[in-house]
Amino acid sequence: MARIEWTEDLNTGIDEIDQQHQRIVDYINALDDARKKDDIKKIAQVIDDTVDYTISHFGFEESMLEDAGYNLLRPHKKVHELFIKRIADMQKRFKAGEDVSQELHNLLGRWLIGHIKHDDYAYRDCVKKYLKID
């Protein structure tokens, strides 16, 4: 997977969520840049930053969904939990000396786009109604 370009079809219409998703795209692209330069220190830093930010984003999103009364919050959280386990496992493998940078880059890109277009689009109307966004 090459660099990810943010396109309008990835917007949920919820500014804070869209900004956070764009930041995750920036991390994914930074991982690609570091991988291409074979900069192990930078790869390690980007992986750590990506994992930390993604966990923070999930917490924010889940809190927002709870406040909005989203009826599919539990399964949405489960998707997040499973994804966190996958990337934490890759982080552990990287720290053990395995080069997972390409695998992680591909996973992050595919997963993020799929998650936005399926799981996050599903809550848009509920959250926009709660936030009073047209």
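Residues numbered from 1 in each chain as written. Predicted model: local features only at pLDDT ≥ 70, side-chain atom pairs only at ≥ 80, totals over all residues. Heavy atoms only, no water.

Engineer: I keep staring at the packing of helix 2 (residues 40–68) against helix 4 (residues 101–131) and nothing clicks. Help me out?
Structural biologist: Any two packed helices are characterised by how steeply their axes cross, that is the angle between the axes, and by the distance between the axes. The N-to-C vectors of helix 2 and helix 4 enclose an angle of 20°; their axes lie 11 Å apart at closest approach. On the basis of the axis angle, helix 2 is roughly parallel to helix 4. Viewed along their axes, helix 2 and helix 4 form a crossing whose handedness is left-handed. The residues of helix 4 that touch helix 2, namely those facing Ile43, Ile47, Thr50, Phe58, Glu61, Met64, Leu65, Asp67 and Ala68, are Ser101, Leu104, Leu108, Trp111, His115, Asp120, Tyr123, Cys126, Val127, Tyr130 and Leu131. Tallied by class, the residues present in the contact of helix 2 with helix 4 amount to 14 nonpolar, three polar and three charged. (Axes fitted to C-alpha atoms, helices over the stretch in contact; angles between N-to-C directions. Helix = DSSP H or I, 4+ residues; strand = E, 2+ residues; numbered from the N terminus. Parallel < 35°, antiparallel > 145°, perpendicular 65-115°, else oblique. Left-handed = near helix turned anticlockwise from the far one by under 90°. Contact = heavy atoms within 4.5 Å. Nonpolar A, V, L, I, M, F, W, Y, C, P; charged D, E, K, R; others polar.)

Engineer: I'm lost on the pattern of salt bridges in this one. Help?
Structural biologist: A side chain with one charge can pair with a side chain of the opposite charge if their charged atoms come near. The final tally for this structure, using the stated rule, is seven salt bridges. The residue Asp48 makes a salt bridge to Lys95 at a minimum N-O spacing of 3.7 Å. Within this pair, whereas Asp48 is found in helix 2, its partner Lys95 is found in helix 3 (residues 73–95), the two being separated by 47 residues in sequence. By relative accessible area, Asp48 is classed as partly exposed at 24%. According to the relative accessible area criterion, Lys95 is exposed, its value standing at 60%. Between Arg93 and Glu98 there is a salt bridge, with its nearest N and O atoms 2.7 Å apart. Judged by its relative accessible area of 38%, Glu98 is partly exposed. Within the structure, one salt-bridge network assembled from shared partners comprises Asp32, Arg35 and Lys36. (Salt bridge = Lys/Arg side-chain N within 4 Å of Asp/Glu carboxyl O. Buried < 20%, exposed > 50% of the residue type's maximum accessible area, 1.4 Å probe, protein only.)

Engineer: Honestly, the nonpolar core in this entry has me stumped. Any pointers?
Structural biologist: As a rule of thumb, soluble globular proteins bury nonpolar side chains together. Counting residues in hydrophobic clusters, the biggest one holds 25 residues, and the most contacted among them are Leu31, Ile47, Phe83, Ile87, Leu104 and Leu108. Looking at this core, the elements with two or more residues in it are helix 1 (15–36), helix 2, helix 3 and helix 4. Look past the residues within four positions of Ile47 in its chain and what remains in contact with it is Leu31, Gln91, Phe94 and Leu104. Among the nonpolar cores identified, the runner-up in size contains nine residues, and Ile17, Ala68, Tyr123 and Val127 belong to it. (Core = buried A, V, L, I, M, F, W, Y, C linked by side-chain atoms within 4.5 Å.)

Engineer: Whenever I open this one, the environment of Lys42 confuses me. Can you help?
Structural biologist: With respect to the helices and strands, Lys42 occurs in helix 2. For Lys42, a relative accessible area of 42% translates into the label partly exposed. Separated by twelve residues in sequence, Lys42 and Ala30 place their C-alpha atoms 8.8 Å apart.

Engineer: When you look at a nonpolar patch on the surface in this model, what are you seeing that I'm missing?
Structural biologist: Together, Tyr130, Leu131 and Ile133 give the surface a local cluster of nonpolar side chains, amounting to about 240 Å² of exposed area. With respect to the helices and strands, the residue Tyr130 is situated in helix 4. (Patch = residues over 30% accessible without salt bridge, like charges linked within 9 Å, V, L, I, M, F, W, Y side chains within 5 Å. Areas by Shrake-Rupley, 256 points an atom, 1.4 Å probe, with all protein chains shown as cover.)

Engineer: For this particular structure, what's the right way to read unusual backbone geometry?
Structural biologist: In most cases, non-glycine residues show a negative phi, while peptide bonds are predominantly trans. Even without a glycine there, the phi angle at Asp38 is positive, about 55°. Note on placement: Asp38 falls in the loop between helix 1 and helix 2.

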